[in-house]
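So you can see what is in the structure, the chains are spelled out below.
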Amino acid sequence: MSVWGQTHVVSIFFALLAIWFMFRDNPTGAWLSLAACALTRPQMVVPVFLLIVVLFKLFPLRRNLRSACWTVMVSSLVLAPFSMAISPSLPIDILWNQFYFQEAGGNEAAQTVVSLGAFSIWPLVTGFAEGAAGHERFQHLAADTLVDPLTYQRISGLLAGSIVLIAAGVILFRGRKDGPAGYFLPVAIGTVGFFITKTGLAATHMLIVLPFLVLCVGRVRVPSFWAMIAVWTMTTLVPMWGGLGEALTDVARLAPALHADNNPLTWFFVELYSLDVFITIGVIANVAVFVWLWVESVWMRRPKPVSREVVRFEG
């Protein structure tokens, strides 16, 4: 943290805290945690939305409304000093500007690139559509037109929004047999789908997805589970470490132990991160994780075969 300064673990903490409260049959704690989670960064609005849908499936409407009211009151009190000093509409202004100007990306629309190092689908698209290679595949402007009159950013928003809404629909129409754990798979599907289709995301944003994949343990077959965890870990670690190594190239004095000239691992990740073929494989692997989550979702809902002995006994 002292070197890279990322705060994504804070966002993950509040999301996992909300899930813990769900298991503790405490919707108020879950709502409060999700409110804090949504305010940490705009990208967390998507998993927060999906977890709110889960809350409405787990608890009666009366309990959810009571918890939501408590959340509004507590949040207002916590934000009151900032609201009085800046503006009463500060939280809404922040979220609105992030989605209206940035469209949940990293900068204003005219400055946002398709990816800030994240292995989303867009480095693959720019490789084919624009003939870009290496790191140029990340640096293509998201405001450029891909399919007239739609830009990369607008197509990204349509894809990401559709996937999230479909995942929310799956949550709404699932049963309540397994408690909170029964909804982790569609939450993971919606979260993964959003992060691999949204433009302007950094490699560190992909870290947010990892705990949602881990929560799918027991919801997917064992070989598939470990394969997905390994793929997402590698496609997140390599660009994070490689990007850090590149950032330290001209400022070795800040972290000499991590500089590529002194650290063989940093040198390895910087070189690997620069390979065009690795970028292609990494993007395809992340897309495969998303597709396989859908496959596992369908597989896990198939009725289990009944043995002949059980049929004979029941007869």
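One can find the structure itself at the top, above this paragraph.
Notes on the structure in this doc start here. By convention here, each chain's residues receive numbers from 1 onward along its written sequence. In keeping with the model being predicted, local features are shown solely for residues with a pLDDT of at least 70 and side-chain atom pairs are shown and tallied solely at 80 or more, while totals for entire chains, interfaces and linings include all residues. Only hydrogens and water are removed before side-chain values are computed, so all heavy atoms of the structure are retained for them.

**Examining the packing of helix H1 (residues 8-23) against helix H3 (residues 45-58)**
Only the stretch in contact is used when a helix axis is fitted, and all axes are lines through C-alpha atoms; the angle between N-to-C directions ranges over 0 to 180 degrees. Runs of H or I in DSSP of at least four residues are treated as helices and runs of E of at least two as strands, each being numbered from the N terminus. Contact geometry for H1 and H3: axes closest at 12 Å, N-to-C directions at 5°. With respect to their mutual orientation, H1 and H3 come out roughly parallel. Of the residues in H3, those touching H1 at Ala15, Ile19 and Met22 are Leu51, Val54, Leu55 and Leu58. Only Asp, Glu, Lys and Arg are considered charged, only Ala, Val, Leu, Ile, Met, Phe, Trp, Tyr, Cys and Pro nonpolar, and every remaining residue, Gly among them, polar. Looking at the contact of H1 with H3 residue by residue, the classes come out as 7 nonpolar, no polar and no charged. Our angle categories are set so that under 35 degrees counts as roughly parallel, over 145 as roughly antiparallel, 65 to 115 as roughly perpendicular, and the remainder as oblique. The contact criterion used throughout is that any non-hydrogen atoms of two residues lie within 4.5 Å.

**Observations concerning the packing of aromatic side chains**
The pairing test for Phe, Tyr and Trp rings, Trp by its six-membered ring, is centres within 6.5 Å, and the orientation test on the planes gives stacked under 30 degrees, edge-to-face over 60, and tilted for anything in between. Across all of its chains, the model carries 13 aromatic pairs by this definition. Considering the side-chain rings of Trp31 and Phe56, the 5.9 Å spacing of their centres and the 90° angle between planes classify their relative orientation as edge-to-face. Of the two residues, Trp31 sits in helix H2 (residues 27-40) while Phe56 sits in helix H3, which places them 25 residues apart along the sequence. Type-normalised accessible area, obtained with a 1.4 Å probe on protein chains alone, sets the label of each residue: buried when under 20%, exposed when over 50%, and partly exposed for intermediate values. Owing to a relative accessible area of 12%, Trp31 belongs among the buried residues under this scheme. Among the residues examined, Phe56 registers a relative accessible area of 35% and is labelled partly exposed. Both rings, one in Trp122 and one in Tyr152, keep their centres 5.9 Å apart while their planes meet at 80°; by these two values the pair is edge-to-face.

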